[in-house]
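# Geometric and topological summary
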Amino acid sequence: MLNTNIQMEFPIDRNLYSKKKFMTASNVMHGQEVLYCGNISGGPILGSKGVVTKKYANKALVDMGWLGVWNVPYYFLSDIED
């Protein structure tokens, strides 16, 4: 029987949330490349890149190539870091 506490570690190669720059309608432009940081069942793949084609008040229309065109809330979008 163990009498000590052990902290479990889960190595993550790429943390999409650590340096996420939150997007809003005021800092997203048409044609801007963005990164999808959401994890919704039936939605785009986590980490997918796309191009903003249209802006709305709370979401953007993002063309993700072969994944299709999605209406994505701004809080699931992040700026692509160079």
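Structure first, text after, so check above.
Below is a short write-up of the structure. The shown structure was predicted, so the numbers you read here are calculated from the model rather than taken from an experiment.

### Focus on the pairing of strand β4 (residues 69-73)
Direction of pairing for strand β3 (residues 59-63) relative to β4: antiparallel, over a ladder of 5 bridges. Within β4, the residue paired with D63 across the bridge is V69. The loop that links β3 with its antiparallel partner β4 comprises 5 residues; one of these, G65, has a positive phi angle of about 65°.

### Points about the sheet that holds β4
With antiparallel pairing, 5 strands are arranged side by side in an open sheet as β4-β3-β2-β1-β5. Bordering the open sheet on either side are β4 and β5 (77-79), each of which pairs with just one other strand. Taking each pair of neighbouring strands and ignoring which way they run, the sheet shows an average axis angle of 50°.

### Things to note about the environment of H30
For H30, the position within the fold is in the segment before β1 (33-36). Exposure remark for H30: the relative accessible area of 55% places this residue in the exposed category. Between the alpha carbons of H30 and A60 there is a distance of 9.4 Å; along the sequence they are 30 residues apart. Leaving out residues up to four positions away in the same chain, H30 has contacts with V52, T53, K54 and K55. Within the structure, the side chain of H30 is placed 3.4 Å from the backbone oxygen of T53, a separation counted as a polar contact.

### So, the pairing of strand β2 (residues 49-55)
Regular strands show a simple pattern: their side chains alternate between the two faces of the sheet. For β1 and β2, the ladder comprises 3 bridges, and the chain directions are antiparallel. Paired with E33 across the bridge in β2 is V51. Summarising the sheet, β2 and β3 pair through 4 bridges and their orientation is antiparallel. Each bridged residue has a counterpart across the sheet, and for K54 the counterpart in β3 is L61. From the end of β2 to the start of β3, which pair antiparallel, there are 3 residues.

### Looking at the packing of aromatic side chains
Any two aromatic rings considered together are summarised by their centre-to-centre distance and by the angle between their planes. Under the counting rule described, the total for this entry stands at 2 aromatic pairs. With centroids separated by 6.0 Å and ring planes inclined at 65°, the aromatic side chains of Y36 and F76 adopt a geometry described as edge-to-face. Linking Y36 in strand β1 with F76 in the loop between β4 and β5, this pair joins segments that are 40 residues apart in sequence. Overall, F76 belongs to the buried group, its relative accessible area being 18%. By way of ring pairs, the aromatic residues Y36, Y75 and F76 are connected into one cluster. Above the ring of Y56, the side-chain terminus of K59 is found at 5.6 Å from the ring centroid.

Procedures and definitions
Residues numbered from 1 in each chain as written. Predicted model: local features only at pLDDT ≥ 70, side-chain atom pairs only at ≥ 80, totals over all residues. Heavy atoms only, no water. Pairing = 2+ DSSP bridges. Helix = DSSP H or I, 4+ residues; strand = E, 2+ residues; numbered from the N terminus. Axes fitted to C-alpha atoms, helices over the stretch in contact; angles between N-to-C directions. Buried < 20%, exposed > 50% of the residue type's maximum accessible area, 1.4 Å probe, protein only. Contact = heavy atoms within 4.5 Å. Polar contact = N/O pair within 3.5 Å; in protein donor to acceptor, adjacent residues only side chain to side chain. Phe/Tyr/Trp six-rings, centres within 6.5 Å; stacked < 30°, edge-to-face > 60°. Lys NZ or Arg CZ within 6 Å of the ring centre and 35° of its normal.

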